[in-house]
Amino acid sequence: MRLEYFQMIDRITDLDVGQRTIAVEAQVPLTSTIFEGHFPGYPLMPGVLLTEAMAQTSGWLLIALLKFERMPFLASVKEAKMRDFVTPGELLTIDASVVHDGSGFAVTEAKVRVDGKLKCNATLTFRHTPFPNADLRGHMEAMAKIIGFPQQAIAHG
Amino acid sequence: MSTTFDQVATIIAETCDIPRDTITPESHAIDDLGIDSLDFLDIAFAIDKAFGIKLPLEKWTQEVNDGKATTEQYFVLKNLSARIDELVAAKGA
């Protein structure tokens, strides 16, 4: 996790295009300026950033299902529940699945766990469109390599 | 058995918190009911689930943007209901 770059996902551990599911890992850093304010003397991972981590996890799943031809953008967050604190240094496992595949949009459900314990979950809606420019697509392709996006998942999907 | 319009009107009322009795077959979802594109995603999600179809929103939007169709053809509720009936019939064919 590189919070200052909004890079929430470290690696994809499982991606099943047929089942429309993904699992990733994300290591919360031990130190960050974010924790200096949230909260002084009691550092906690902000719920909005956990939501972003769930959105990015869902996003990589949708990119795979869309064969890397379209980019999902977060449109709405529902039923987001922060069930327990997430603290610096914890290793998150995040999984997501597609609930609905609509025309130009998709709905996912995502869960964040630490050591198997559910920390938060949400239902997320995304609009998706063709990549708006080559720069963004290039960035996403580079990021895909960094986090171990399995290209064969698309080829055999 | 409720009509397609009744089901659509109920979905819109519940999704967008619009009084059911203000929703008529002549209502335009955007112009009369004030439903924006984000709320319409929720409505499309609910309609897709309820009828087991996939509303072709992207195709409709493209047709409207290209001047090949009017919003009335897809977003006046009696017309939307007719489109849903067509999609359901096509699915069963």
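Conventions adopted
Residues numbered from 1 in each chain as written. Chains lettered and ligands numbered in written order. Predicted model: local features only at pLDDT ≥ 70, side-chain atom pairs only at ≥ 80, totals over all residues. Heavy atoms only, no water. Salt bridge = Lys/Arg side-chain N within 4 Å of Asp/Glu carboxyl O. Helix = DSSP H or I, 4+ residues; strand = E, 2+ residues; numbered from the N terminus. Buried < 20%, exposed > 50% of the residue type's maximum accessible area, 1.4 Å probe, protein only. Pairing = 2+ DSSP bridges. Axes fitted to C-alpha atoms, helices over the stretch in contact; angles between N-to-C directions. Contact = heavy atoms within 4.5 Å. Parallel < 35°, antiparallel > 145°, perpendicular 65-115°, else oblique. Left-handed = near helix turned anticlockwise from the far one by under 90°. Nonpolar A, V, L, I, M, F, W, Y, C, P; charged D, E, K, R; others polar. Buried area = accessible area lost by both parts, 1.4 Å probe. Expected span 1.5 Å × (residues − 1). Core = buried A, V, L, I, M, F, W, Y, C linked by side-chain atoms within 4.5 Å.

Undergrad: Is there a simple way to explain the pattern of salt bridges in this structure?
TA: Should the charged atoms of two oppositely charged side chains come close, the side chains can pair. As enumerated under the stated definition, the model contains 12 salt bridges over all chains in all. Of the charged contacts in the structure, one is a salt bridge between Asp84(A) and Lys119(A), with a shortest N-O distance of 3.2 Å. With Asp84(A) in the loop between β3 (70-82) and β4 (91-101) and Lys119(A) in strand β6 (residues 117-130), this pair connects stretches of sequence that are 35 residues apart. Residue Arg83(B) pairs with Glu86(B) through a salt bridge whose shortest N-O separation is 3.2 Å. Pair noted here: Arg83(B) and Glu86(B) are both in helix α5 (residues 77-92), with a separation of 3 residues, about one helical turn. A relative accessible area of 21% places Arg83(B) in the partly exposed class. Bridged by salt links that share partners, the residues Asp84(A), Lys117(A) and Lys119(A) form one connected network.

Undergrad: What is the right way to look at the sheet that holds β3(A) in this model?
TA: Paired through their backbone hydrogen bonds, the strands of a sheet run either parallel or antiparallel. Sheet architecture is open: 6 strands sit in the order β1-β2-β4-β5-β6-β3 (chain A), paired in antiparallel fashion. A single partner strand is all that each edge strand has here, and the edge strands are β1 (11-16) and β3 of chain A. With strand direction ignored, the average angle separating the axes of adjacent strands in the sheet is 25 degrees. Contacting β3, β4, β5 (105-114) and β6 of chain A, helix α2 (residues 37-51) of chain B crosses the sheet at an angle of about 90 degrees to β5(A).

Undergrad: Before we go on, may I ask you to explain the packing of α2(B) against α5(B) in this structure?
TA: Helix-helix packing: each pair is described by the crossing angle between the helix axes and the interaxial distance. Residue and element names in this part refer to chain B. It is at 11 Å that the axes of α2 and α5 come closest, and there the two elements cross at 40 degrees. Taken together, the axes of α2 and α5 lie oblique to each other. Here α2 runs over α5; the crossing is right-handed. Listed contacts from α5 to Phe40, Ile47 and Phe51 of α2 are Leu80, Ile84, Val88 and Lys91. Residue composition of the contact of α2 with α5, by class: 6 nonpolar, no polar and 1 charged.

Undergrad: Just checking my understanding: could you explain the interface of chain B and chain A for this structure?
TA: Many authors give the size of an interface as the accessible area that is lost as the parts come together. Residue-level contacts link 12 residues of chain B with 15 residues of chain A. Note on chain B versus chain A: buried area summed over both sides is about 1100 Å², and carbon and sulfur give 57% of it. If you sort the residues of chain B by the area they bury against chain A, Leu41(B), Phe45(B) and Glu58(B) come out on top, with a joint share of 47%. On inspection of chain B and its partner chain A, the count reaches 3 salt bridges.

Undergrad: Help me out: how do you make sense of unusual backbone geometry in this one?
TA: What you tend to see is this: most non-glycine residues have negative phi, and most peptide bonds are trans. Residues and elements named next belong to chain A. In this model, His38 is joined to Phe39 through a cis peptide bond whose omega is -5 degrees. With respect to the helices, strands and loops of the structure, Phe39 is situated in the loop between α1 (33-37) and α2 (47-65). Look at Phe6: it is not a glycine, yet its phi comes out positive at around 60 degrees. The residue Phe6 is located in the segment before β1 in this model. Overall, Phe6 belongs to the partly exposed group, its relative accessible area being 44%. A positive phi angle, near 60 degrees, is found at Arg20, a position not held by glycine.

Undergrad: Help me out: how do you make sense of helix α1 (residues 4-16) of chain B in this one?
TA: An α-helical segment advances 3.6 residues per turn. Residues three or four places apart therefore align on the same side. Residues and elements named next belong to chain B. With 13 residues, α1 extends 18 Å between its outermost C-alpha atoms, agreeing within 8% with the 18 Å of an ideal straight helix rising 1.5 Å per residue. Buried within α1 we find Thr4, Phe5, Val8, Ala9, Ile11, Ile12, Ala13 and Cys16. Where α1 is buried, its residues contact α2 and α5. Positive phi appears at Asp17, one or two residues downstream of α1, with a value of about 55 degrees.

Undergrad: Mind showing me how you'd approach the nonpolar core here?
TA: Nonpolar side chains in soluble globular proteins tend to end up buried together. Residues and elements named next belong to chain A. The biggest cluster of nonpolar side chains holds 47 residues, and the ones touching the most others in it are Met45, Trp60, Phe68, Leu92, Ile94 and Phe149. Among the secondary structure elements, those contributing two or more residues to this core are β1, β2 (21-27), α2, β4, β5, β6, α3 (134-146) and α4 (151-155). For this core, the leading source of residues is α2, giving 10 residues. In this structure, Trp60 is in contact with Ile9, Ile12, Ile22, Phe68, Met140, Met143, Ala144, Ile147 and Phe149, ignoring residues within four places of it in sequence.

Undergrad: Is there a simple way to explain the pairing of β4(A) in this structure?
TA: In the case of a regular strand, side chains alternate between the two sheet surfaces. Residues and elements named next belong to chain A. As paired strands, β2 and β4 are joined by 7 bridges and run antiparallel to one another. Looking at β4, one finds that Val24 is bridged to Ile94. Sheet analysis places β4 next to β5, joined by 8 bridges and oriented antiparallel. Across the sheet, the residue bridging to Thr93 is Arg113, located in β5. Hairpin remark: β4 followed by β5, antiparallel, with 3 residues in the connecting loop; positive phi at Gly104, about 80 degrees.

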